[in-house]
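Close look at the chain arrangement
Listed here are the chains, written in short residue letters.
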Amino acid sequence: MHFIKLNNLLVIALVSTSLLSSYAYPGFNFDWGGRNHGSRGGISYGLSPQFYQFSCPQANDIVMSVLEKAMAKNMRIAASLLRLHFHDCFVQGCDASILLDDSPAIVSEKNSGPNKNSIRGFEVIDEIKAKLEEACPQTVSCADILALAARGSTILSGGPNWELPLGRRDSRTASLIGSNNNIPPPNATIQNLITFFKRQGLDEVDLVALSGAHTIGVARCATFKQRLYNQNGKNEADVSIERTFYFGLKTMCPRSGGDNNISPLDFGSPRMFDNTYFKFILQGRGLLNSDQVLLSGGVIKTQELVKKYAQDEAFFFQQFAMSMIKLGNLRPITGFNGQVRKNCRRVN
Ligand code: HEM
């Protein structure tokens, strides 16, 4: 049984996950029913935290050591890896489809609107995979590497830890259309955001907590320019942006050009996983439209959650951990239609 710092609810959920799935037989996955058995109310019956206990006990240590080295060179990689897991899970489930390169049989998700010139971190995943192939050949899936890297990145940035269900298998397909259609855009309204998350089985609590990932990392000018110059089609700025912040953003993001200039998503502490992202939203300093509408979009539930997370960092951490488990449990492949890729960029 596993005791962790989170609340009772999560401890119960994790224990029952273990008992109901492959707890007694780590490293084996008996859920051969294929897809869509993944997530029921945050509990995944096909996955187990002990999955690699015997087959690759050092898996997490290998992931963490590669991450530490990569972050020592450039802290931003933590943010990029956290985002990579999100963009994987929202497109045909957490199956590492995002890692596949173009090939005669594959149209890569890397060229979708949300990913092109934006998503990064692939080389670090390659390095982790190469080390894992040396230590435990064809054992740890690329989809699990993405989930482990997302958790490790959160921890090494100062955020919460959680017990991570494992045992995902890798897809043989990618979906460019899915990537274009399922990942929410930065100019989304609050209703859009809620709809995109609902489609994945995630609720408003997950939406606000997971948006808290924007406590680390950066965004390109192109993703928030509309707010500065033409929010409503009348060449006017978004009135919800705080004035000083607005003028600062305009110097970083001029009306024409500069689309690839970058700004931190959380100006207070861009490298630290904390709750300042929510404090900034309360001050009208959310960077993306999708950040600010959590407060200003007119939905009481998300508004209240932003306030709560801004007040209580421990509460945010706890909810973030639970929502990350739900995110990671989205439609994992646990059956014969998946595989453990040798190279994350191509199917075996
Ligand atoms: C709620 C809807 C969301 C929208 C509309 C959104 C949109 C964006 C955009 C536009 C960027 C900047 C991309 C660029 O400049 O090229 C970004 C960055 C980022 N997003 Fe999100 N995001 C959302 C939710 C999430 C979630 C759920 C996570 C993770 C759990 C996440 C993690 C990140 C991170 C860490 C970065 C910084 C990446 C880096 O610096 O490389 N986002 N997001």
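Counting starts from 1 at the beginning of each chain's written sequence and moves along it residue by residue. pLDDT decides what is reported in this predicted model: residues at 70 or higher carry local features, side-chain atom pairs at 80 or more are listed and counted, and totals for whole chains, interfaces and linings draw on all residues regardless.

Turning our eyes to something else, we now look at the overall build of the protein chain. The way it works is that DSSP assigns letters per residue, a run of H or I at least four long becomes a helix, a run of E at least two long becomes a strand, and they are numbered from the N terminus. In terms of regular secondary structure, the protein chain is built from 14 helices and two strands. Comment: burial labels come from other C-beta atoms within 10 Å of the residue's own C-beta, placed from the backbone, where a count of 20 or more is buried, 12 or fewer is exposed, and between is partly exposed. Across the 348 residues in the protein chain, those meeting the buried criterion constitute 47%. What counts as a contact is two residues whose backbone-derived C-beta atoms lie within 7 Å of each other. Considering only intrachain contacts with a sequence separation of at least 6, the fraction spanning at least 24 residues in the protein chain is 78%.

The backbone phi angle of Asn117 is positive, close to 55 degrees, even though this residue is not glycine. Note that Asn117 resides in the loop between helix 3 (76–89) and helix 4 (122–135). Assessed through the 11 C-beta atoms surrounding it within 10 Å, Asn117 is described here as exposed. In the Ramachandran plot, Asn235 falls in the positive-phi region, its phi being about 55 degrees despite a non-glycine side chain. Among the structural elements, Asn235 can be located in the loop between helix 9 (225–229) and helix 10 (243–252). Look at Asn235 and you get exposed, because 9 C-beta atoms sit within 10 Å.

Quick look at the UniProt feature "binding site: heme b" (unreviewed entry) in the protein chain now. UniProt positions are given in the numbering used here, feature names are shortened, and annotations may be inferred rather than shown by experiment. The sites that carry the UniProt feature "binding site: heme b" (unreviewed entry) are, in the present numbering, His214. Mapping His214 onto the fold places it in the loop between helix 8 (204–211) and strand 1 (218–220). For His214, a count of 25 C-beta atoms within 10 Å translates into the label buried. The residues touching His214, leaving out its near neighbours within four places in the chain, are Leu265, Asp266, Tyr277 and Asp291.

Next up on the list: helix 12 (residues 289–296). Since the α-helix packs 3.6 residues into each turn, any two residues three or four apart lie on the same face. A large share of helix 12 lies buried, amounting to eight of its eight residues. Among the residues of helix 12, those classed as buried are Asn289, Ser290, Asp291, Gln292, Val293, Leu294, Leu295 and Ser296. In this structure, the buried side of helix 12 is in contact with helix 7 (190–199), helix 8, helix 9, helix 11 (276–282) and helix 13 (300–311). Within two residues after helix 12, Gly298 carries a phi angle of roughly 90 degrees, on the positive side.

All right, on to the site of the ligand then. Defining nearness, a residue is near a molecule or strand when the C-beta atom obtained from its backbone falls within 6 Å of it. Close to the ligand lie 26 residues; Ser118, Ala213, Gly217, Ala219 and Arg220 are nearest. Looking at the shell around the ligand, the element that brings in the most residues is helix 3, giving six residues. Each residue receives one of three labels: charged for Asp, Glu, Lys and Arg, nonpolar for Ala, Val, Leu, Ile, Met, Phe, Trp, Tyr, Cys and Pro, and polar for the others, Gly being one of them. Looking at the shell around the ligand residue by residue, the class counts come to 15 nonpolar, seven polar and four charged. Two domains each put at least three residues into the shell around the ligand: domain 1 (8–182) and domain 2 (190–324). Those domain boundaries reflect an automatic or database domain assignment.

The axes of two packed helices give the description: the angle between them and the distance between them. Geometry is summarised by axes, namely lines fitted to C-alpha atoms with helices restricted to the contacting stretch, and by angles between N-to-C directions that run from 0 to 180 degrees. Here helix 2 (residues 59–73) crosses helix 4 at 145 degrees, and the two axes come no closer than 10 Å. With respect to the hand of their crossing, helix 2 and helix 4 are arranged in right-handed fashion. Here Ala59, Ile62, Val63, Val66 and Ala70 of helix 2 lie close against helix 4, whose contacting residues are Val124, Glu127, Ile128, Lys131, Leu132 and Ala135. Residues of the contact of helix 2 with helix 4, tallied by class, amount to nine nonpolar, no polar and two charged. Each helix crossing is assigned a hand: it is left-handed if the near helix lies turned anticlockwise from the far helix by less than a right angle, otherwise right-handed if that turn is clockwise.

Turning our attention to the nonpolar core. Considering soluble globular proteins, one finds that nonpolar side chains tend to be buried as a cluster. Buried Ala, Val, Leu, Ile, Met, Phe, Trp, Tyr and Cys residues whose C-beta atoms connect them within 7 Å together make up a nonpolar core. The biggest cluster of nonpolar side chains holds 77 residues, and the ones touching the most others in it are Val63, Ile128, Ile145, Leu146 and Ala149. Setting aside chain neighbours within four positions, we find Ala149 in contact with Val63, Leu67, Leu81, Ile125 and Ile128.

Residues of helix 8 that are buried include every one of Asp206, Leu207, Val208, Ala209 and Ser211, and no others. Where helix 8 is buried, its residues meet helix 7, helix 12, helix 13 and helix 14 (313–328).

What follows is about the packing of helix 3 against helix 5 (residues 142–156). With their axes 8 Å apart at the nearest point, helix 3 and helix 5 run at an angle of 145 degrees to one another. Of the two elements, helix 3 crosses helix 5, and the hand of that crossing is left-handed. Touching Ala78, Leu81, Leu82, Leu84, His85 and Asp88 of helix 3 are Leu146, Ala147, Ala149, Ala150, Ser153, Thr154 and Leu156, all from helix 5. In terms of residue class, the contact of helix 3 with helix 5 is made up of nine nonpolar, three polar and one charged.

Residue-level confidence of the predictor is summarised by pLDDT, bounded by 0 at the bottom and 100 at the top. Per-residue pLDDT for the protein chain has a mean of 90; in total, 87% of the residues score no lower than 70. Contacts for the low-pLDDT stretch residues 1–26, under 50 throughout, to residues beyond four places or in other chains number 42 contacts.

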